[in-house]
Each structure stands twice: as structure tokens, then as C-alpha cells.
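Here are the chains, one letter per residue:
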Amino acid sequence: MNKQMTQTEWRRGPHTISTDRARLDIEAVHDYLANHSYWALGRSLEVVRRSVEHSLCFGLYEGERQVGFARAVTDYATFAYLADVYVLEEARGRGLGKWLVSTVLAHPDLQGLRRWLLATRDAHELYRPFGFRELERPEFYMGILNEGGGGGRFVAEGEDGGSAG
């Protein structure tokens, strides 16, 4: 069940950040993630659609054109994972990435969370001023990485595919 989000919008000069899902250019988000990011190469349009449906999403716009994106995967109570953050190459160098991250972190529905996580290969210095650090106790964390993004099918212990009863 999805929580009904507070729809919000922030403006700075010709730029707007909006959480209005209807405004997102899903095909543009898919194109960037599947063809230009290092973390989601090959991600299908269907997976992008599902990820948007089940996340609090932030579109970054220059006029009406979408030039960036970020999403928070969260329970709205204790935890959020910052994911799929990008600003198009031609819109970089103007502080838009910092503004996008600060806007996500300041969203009214995301206040009071105990923990935020993210993964990055090359943008540590973007996130550091917001308080993100390398994991202090990485031995406390575990993960499953399904290469290719398709994921596997997990079977409950004792599940044999037969009917119950």
C-alpha cells in the first residue's frame, strides 16, 4: 500500500523540483538510467515504472524539460534509501545536484528518519556535505546483488510448489 504523499514543488530561477509523478518523463528517466548511468545499465522500462510507482520521486526541470531525477525508497518512519540520482550532463555545474539532494532530504514526509543509505561509485563529495559517510560498521550490513537487475525468485523454506492443505 502506498502512502499518499504531500505533493510539493520548489523553484529556483528557471528550475523546478517537483514530486508530482504525473509530471515525470518516465521515458527520459528510463533512457538515462538504462543507457547513461553506470548503476542501472539495461534496466527495463517496466522496472523503472515499478520503481517510480513505489518510491517518493523528485523530478528536476528546466522550464518544462526534465533534466534530473532522484527517488527515496522508504517506509516513511525509520529508513530511506536515496536512489537513481542524476542531473543531465548539460545541466551540471550549476549546483542543481546539490539542490536536488537537499530537497529530497528536506521533504516534509521524510523528516525524523533514523537512517538514510545510498550507494555511489563516484559522487561521495556530492553527498558528504549532507552528512553521508562511509559505513562506520560495514560488518553490520548485508546485501543481495542480482546482477542484471532482473532479480531472482526466492522460495520460502518448505515451499514445494504444491497446493496448500
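Scroll up to find the structure this text is about.
Quick caveat, the model's predicted, so the values are computed rather than measured.

Caption draft 1: Region of interest: the pairing of strand β3 (residues 56-62). The buried fraction of β3 is high, at six of seven residues. Sheet topology places strand β2 (residues 15-18) next to β3; four bridges connect them, and they run antiparallel. Along β3, the bridge assignment pairs isoleucine 17 with leucine 60. Examined bridge by bridge, β3 and strand β4 (residues 65-74) share seven bridges and lie antiparallel to one another. If you follow cysteine 57 over to β4, its bridge partner there is arginine 71.

Caption draft 2: Main features of helix α2 (residues 45-53). All of the buried residues along α2 are Val48, Ser51 and Val52. Viewed end-on, α2 has its buried residues packed into an arc of 100 degrees, placing them on one side of the element. Contacts from the buried residues of α2 go to α1 (26-36), β3 and β4.

Caption draft 3: How the structure looks around the sheet that holds β3. Overall, mixed pairing links the six strands, which are arranged β1-β2-β3-β4-β5-β6 in an open sheet. Each end of this open sheet is capped by a strand with a single partner; those strands are β1 (9-12) and β6 (115-118). Neighbour-to-neighbour, the strand axes of the sheet open up by a mean angle of 20 degrees, direction not taken into account. Taken together, the four bridges between strand β5 (residues 79-87) and β6 define a ladder with parallel strand orientation. Paired with leucine 82 across the strands is leucine 118, a residue of β6. Relative to β5, α1 is tilted by about 90 degrees, and along the sheet it contacts β4 and β5. In the packing of helix α3 (residues 96-106) onto the sheet, contacts are made with β1, β2, β3, β4, β5 and β6, and the angle to β5 comes to roughly 160 degrees.

Caption draft 4: Spotlight on the side chain of histidine 107. Its place among the elements puts histidine 107 in the loop between α3 and β6. For histidine 107, a relative accessible area of 0% gives the class buried. Ignoring sequence-local partners within four residues, the contact set of histidine 107 consists of Thr6, Thr8, Trp10, Thr19, Leu56 and Phe58.

Caption draft 5: View of the environment of serine 44. Along the chain, the position of serine 44 falls in the loop between α1 and α2. Since its relative accessible area comes to 33%, serine 44 is described here as partly exposed. Sequence separation between serine 44 and leucine 33 is 11 residues, and the spatial gap between their C-alpha atoms is 9.2 Å.

Caption draft 6: Expanded view of the nonpolar core. Within the largest apolar cluster, 38 residues are counted, with the highest numbers of intra-cluster contacts made by Leu82, Val104, Leu110 and Trp116. Broken down by secondary-structure element, the contributors of at least two residues to this core are α1, α2, β3, β4, β5 and α3. Here this core takes six residues from α3, the largest share from any one element. Once residues lying within four places of it in the same chain are set aside, the contact partners of leucine 110 are Leu56, Phe58, Ala72, Thr74, Tyr76, Val104 and Trp116.

Caption draft 7: Region of interest: the pattern of salt bridges. The final tally for this structure, using the stated rule, is 12 salt bridges. Salt-bridge contacts for arginine 23 lead to glutamate 9; the nearest nitrogen and oxygen are separated by 3.6 Å. A residue pair is termed long-range when its members are at least 10 positions apart, and arginine 23 in the loop between β2 and α1 and glutamate 9 in strand β1 qualify at 14 residues. When its relative accessible area of 40% is taken as the criterion, glutamate 9 is described as partly exposed. A salt bridge links glutamate 139 to arginine 137, with the shortest nitrogen-to-oxygen separation between them at 2.6 Å. According to the relative accessible area criterion, glutamate 139 is exposed, its value standing at 52%.

What counts and what doesn't
- Residues numbered from 1 in each chain as written.
- Predicted model: local features only at pLDDT ≥ 70, side-chain atom pairs only at ≥ 80, totals over all residues.
- Heavy atoms only, no water.
- Buried < 20%, exposed > 50% of the residue type's maximum accessible area, 1.4 Å probe, protein only.
- Helix = DSSP H or I, 4+ residues; strand = E, 2+ residues; numbered from the N terminus.
- Pairing = 2+ DSSP bridges.
- Arc of directions from axis to C-beta.
- Contact = heavy atoms within 4.5 Å.
- Axes fitted to C-alpha atoms, helices over the stretch in contact; angles between N-to-C directions.
- Core = buried A, V, L, I, M, F, W, Y, C linked by side-chain atoms within 4.5 Å.
- Salt bridge = Lys/Arg side-chain N within 4 Å of Asp/Glu carboxyl O.

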